[in-house]
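Survey of secondary and tertiary structure
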Amino acid sequence: MGFRAHILGAAAGGGLPQWNCGCKNCNLARSGDIPSQTQSSLAVSANGSDWAILNASPDIRQQLAGTPALHPTGLREMPLRSVLLTNGDIDHVAGLLTLREMQPFTLYATAGIHEVLEQNPIFAALNASVVARRTVTLDQPTEIAQGLLATLFPVPGKVPLYLEGDVVETELLGEQTVGVHLRAGDQDAYYIPGCATLNDDLRTRLQGAALVFFDGTLWQDDEMVRAGLGQKTGKRMGHMSMSGKDGSIAAFADLDIGKKVFVHMNNTNPVLRPDAPERARAEAAGWIIGQDGMEVTP
Ligand code: MLT
Ligand code: MN
Ligand code: ZN
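Notes on the structure follow. (Residues numbered from 1 in each chain as written. Chains lettered and ligands numbered in written order. Predicted model: local features only at pLDDT ≥ 70, side-chain atom pairs only at ≥ 80, totals over all residues. Heavy atoms only, no water.)

Observations concerning the overall build of the protein
Rules: Helix and strand assignments come from DSSP, with helices taken as H or I runs of at least 4 residues and strands as E runs of at least 2, each series counted from the N terminus. C-alpha atoms define the radius of gyration, and 2.2 Å times the number of residues to the power 0.38 defines the globule rule. The contact rule is simple, with two residues in contact once any of their heavy atoms fall within 4.5 Å. Methods summary: accessible areas were calculated by the Shrake-Rupley approach with a probe of 1.4 Å, and residue burial reflects only the protein chains presented. Residues scored as positive are Lys and Arg, those scored as negative are Asp and Glu, and His as well as the terminal groups of each chain are ignored. For charged residues, the charge sits on one atom: NZ in Lys, CZ in Arg, CG in Asp, CD in Glu.
Secondary structure assignment for the protein yields eight helices and 14 strands. Radius of gyration (C-alpha) of the protein: 18 Å, near the 19 Å computed for a compact globule of 298 residues. Partitioning the intrachain contacts of the protein with sequence separation of at least 6 by distance along the chain shows that 68% fall at a separation of at least 24. In the structure as shown, the protein presents an accessible area of about 12700 Å², 51% of it carried by carbon and sulfur atoms. Here the protein contributes 23 positively and 32 negatively charged side chains, and the mean placements of these two sets differ by 4 Å.

Structure representation (structure tokens):
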């Protein structure tokens, strides 16, 4: 059995529906007219029996319960070998608190992201005697589960919302926001759930890739402002939008990529409605709209 990628959660922070949101999509999800989606996470494996989880979402308890491949195989034996973080955002780290209970696994992140966790004493709930925290150096392949290599690389983004100061640099390049290149034998894939802009370095890396999971937060940069839900644009949140001349659909148009899958979609994104014209446009451009439980192979 080869490389497998299983979308545990296709939504951005908040999920679909978001607890306090009465927007069109959230109401349609509540009434069961469109599928609900949990928060941002991907499970990956090279052999189907040893798994790594990329980002631990606040919905991880429900995600694990709903994914038989990740169920216990013995009294306290788990197929989960590791968790790898791509940033310190709440939607990507809060699930670590659910993973306490003295269960061994390895927690992988850059030094910068480990430092953020260390500043928050609540994460000591992951007892250091069983959960090893390993620092991953950028551009250095690390085996995160049997036969599965992960290489982290910098992606334009910002520090987590809860660490923002008065001035926020939204296209920082360093250890705070990273993408992941996964390799299992001769198969590979990329996972980039947050990205402010597709710079030349990323374009070069992704050219010719078999499979890319990519930031699908918003359809349109000012979508949340237009919907009356707040003042923040996608750019301010460190996310490039799908549509428009600076959008991901345009940016990927001249890259040769086998499968392109949108993940980390905000609940306002119209592509979450199966009958939306925006979804048809994304699909016509070759994109797959990720959803919870979807399994994608390169
Ligand atoms: C983001 O992806 O922009 C963040 O997860 C936002 C948040 O922390 O809610
Ligand atoms: Mn997020
Ligand atoms: Zn909503």
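Describing the coordination of the manganese ion (ligand 2)
What counts is decided by this rule: Donor atoms are limited to N, O and S found within 2.8 Å of the metal ion, a distance that becomes 3.2 Å for Na, K and Ca. With water left out, some sites might look partial. When a residue's accessible area, from a 1.4 Å probe over protein chains only, is under 20% of the maximum for its type it is buried; when over 50% it is exposed; and in between it is partly exposed.
Taken together, the protein donors to the manganese ion (ligand 2) comprise Asp91 (OD) and His264 (NE2), at separations of 2.0 to 2.2 Å. Taken together, the residues span a long stretch of sequence, with aspartate 91 in helix 3 (residues 90–93) and histidine 264 in the loop between strand 12 (259–263) and helix 8 (277–284) at a distance of 173 residues. The residues aspartate 91 and histidine 264 share a single accessibility class, namely buried.

Remarks on the coordination of the zinc ion (ligand 3)
The test is simple: Under this scheme a four-donor centre is tetrahedral when all angles range from 85 to 135 degrees, a four-donor centre is square planar and a six-donor centre octahedral when opposite donors are above 155 degrees with the rest from 65 to 115, and any other centre is irregular.
Note on the zinc ion (ligand 3): its protein donors are Cys21 (SG), Cys23 (SG), Cys26 (SG) and Asn267 (OD1). The metal-donor distances range over 2.3 Å. Seen from the zinc ion (ligand 3), its four donor atoms lie at angles of 100 to 115°, and the figure they make is tetrahedral. When the donor residues of the zinc ion (ligand 3) are listed from N- to C-terminus, their spacing reads C-x1-C-x2-C-x240-N. Taken individually, cysteine 21 and cysteine 23 each receive the classification buried, so the pair is uniform in this respect.

Overview of the site of ligand 1
Defined as follows: We call a residue near a molecule or strand whenever a single non-hydrogen atom of that residue lies within 4 Å of it. We call two N or O atoms a polar contact when they sit within 3.5 Å, provided that within protein one can donate a hydrogen and the other can accept it, with sequence-adjacent residues counted only if both atoms are side-chain atoms. Throughout, the ten residues Ala, Val, Leu, Ile, Met, Phe, Trp, Tyr, Cys and Pro are labelled nonpolar, Asp, Glu, Lys and Arg are labelled charged, and all others, Gly among them, are labelled polar.
The environment of ligand 1 is formed by Asp89, Asp91, Met237, His239 and His264. Here an oxygen atom of ligand 1 sits 2.8 Å away from a polar atom, N or O, in the side chain of histidine 239. A distance of 3.1 Å is found between an oxygen atom of ligand 1 and a side-chain nitrogen or oxygen belonging to histidine 264. Burial of ligand 1 by the surrounding chains reaches 77%, relative to a free accessible area of 270 Å². Broken down by class, the residue content of the shell around ligand 1 amounts to one nonpolar, two polar and two charged.

Here we look at the pattern of salt bridges
Defined as follows: Just to be clear on terms, a salt bridge is a Lys or Arg side-chain nitrogen sitting within 4 Å of an Asp or Glu carboxyl oxygen.
Applying the stated criterion across every chain, the model contains 11 salt bridges. The partner of aspartate 50 in a salt bridge is arginine 81, with the nearest N and O atoms 2.5 Å apart. A residue pair is termed long-range when its members are at least 10 positions apart, and aspartate 50 in the loop between strand 2 (41–45) and strand 3 (51–54) and arginine 81 in strand 4 (residues 80–84) qualify at 31 residues. Exposure remark for arginine 81: the relative accessible area of 34% places this residue in the partly exposed category. Where salt bridges share partners, they join Asp139, Asp201 and Arg205 into one cluster.

Quick notes on the side chain of threonine 38
Inspection of the secondary structure assignment puts threonine 38 in the loop between helix 1 (24–30) and strand 2. Setting aside anything within four residues of it in sequence, one finds threonine 38 in contact with Leu8, Gly9, Ala10, Ala11, Asp59, Gln62, Gln63 and Asp292.

Some points on the sheet that holds strand 1 (residues 4–9)
To keep things clear, this is the line we draw: Only when DSSP finds a minimum of two bridges between them are two strands counted as paired.
What the seven strands build is an open sheet, ordered 6-5-4-3-2-1-14; its pairing is mixed. Two strands in the sheet have a free side with no partner beyond their single neighbour: strand 6 (131–135) and strand 14 (295–296). Relative to strand 2, strand 1 runs antiparallel, the two sharing five bridges. Looking at strand 2, one finds that glycine 9 is bridged to serine 41.

Brief notes about the nonpolar core
Here is the rule we go by: Note on terminology: a nonpolar core comprises buried Ala, Val, Leu, Ile, Met, Phe, Trp, Tyr and Cys residues joined through side-chain atoms within 4.5 Å.
Leu148, Phe213 and Phe214 are the most contacted members of the largest nonpolar core, which totals 60 residues. Every residue in contact with phenylalanine 213, bar those within four places of it in the chain, is listed here: Ala5, Ile7, Leu42, Tyr190, Tyr191, Ile192, Val261, Val263 and Val296. Counting 23 residues, the second-largest nonpolar core is a separate cluster that includes Ile60, Val83, Ile113 and Leu117.

Points about the packing of aromatic side chains
Threshold: Each aromatic pair joins two rings of Phe, Tyr and Trp (for Trp, the six-membered one) with centres within 6.5 Å, and gets the label stacked for planes under 30 degrees apart, edge-to-face for over 60, and tilted for any other angle.
Under the defined criterion, the tally for this structure stands at five aromatic pairs. Relative to tryptophan 287, the ring of phenylalanine 214 has its centre 6.5 Å away and its plane inclined at 50°; by these criteria the two rings are tilted. Here the residue phenylalanine 214 occupies a position in strand 11 (residues 211–215), and tryptophan 287 occupies one in strand 13 (residues 287–289), the gap between them amounting to 73 residues. Phenylalanine 214 gets classed as buried once you look at its relative accessible area, which sits at 0%. Judged by relative accessible area, tryptophan 287 falls into the buried class, the value being 3%. Following the ring pairs from residue to residue traces out a cluster consisting of Phe214, Phe252, Phe262 and Trp287.

Focus on the sheet that holds strand 10 (residues 187–192)
Backbone hydrogen bonds hold the strands of a sheet together, and the pairing may be parallel or antiparallel. Put simply, the test is: With axes taken as lines fitted to C-alpha atoms, and helix axes fitted only over the stretch in contact, angles between N-to-C directions fall between 0 and 180 degrees.
If you walk across this open sheet you meet the seven strands as 7-8-9-10-11-12-13, and the pairing is mixed. In the strand order of this sheet, the two ends are held by strand 7 (142–145) and strand 13, each with one partner. This sheet shows a mean twist of 25° between the axes of neighbouring strands, independent of strand direction. Examined bridge by bridge, strand 8 (residues 148–154) and strand 9 (residues 178–184) share six bridges and lie antiparallel to one another. Within strand 9, the position partnered with proline 154 by the bridge is valine 178.

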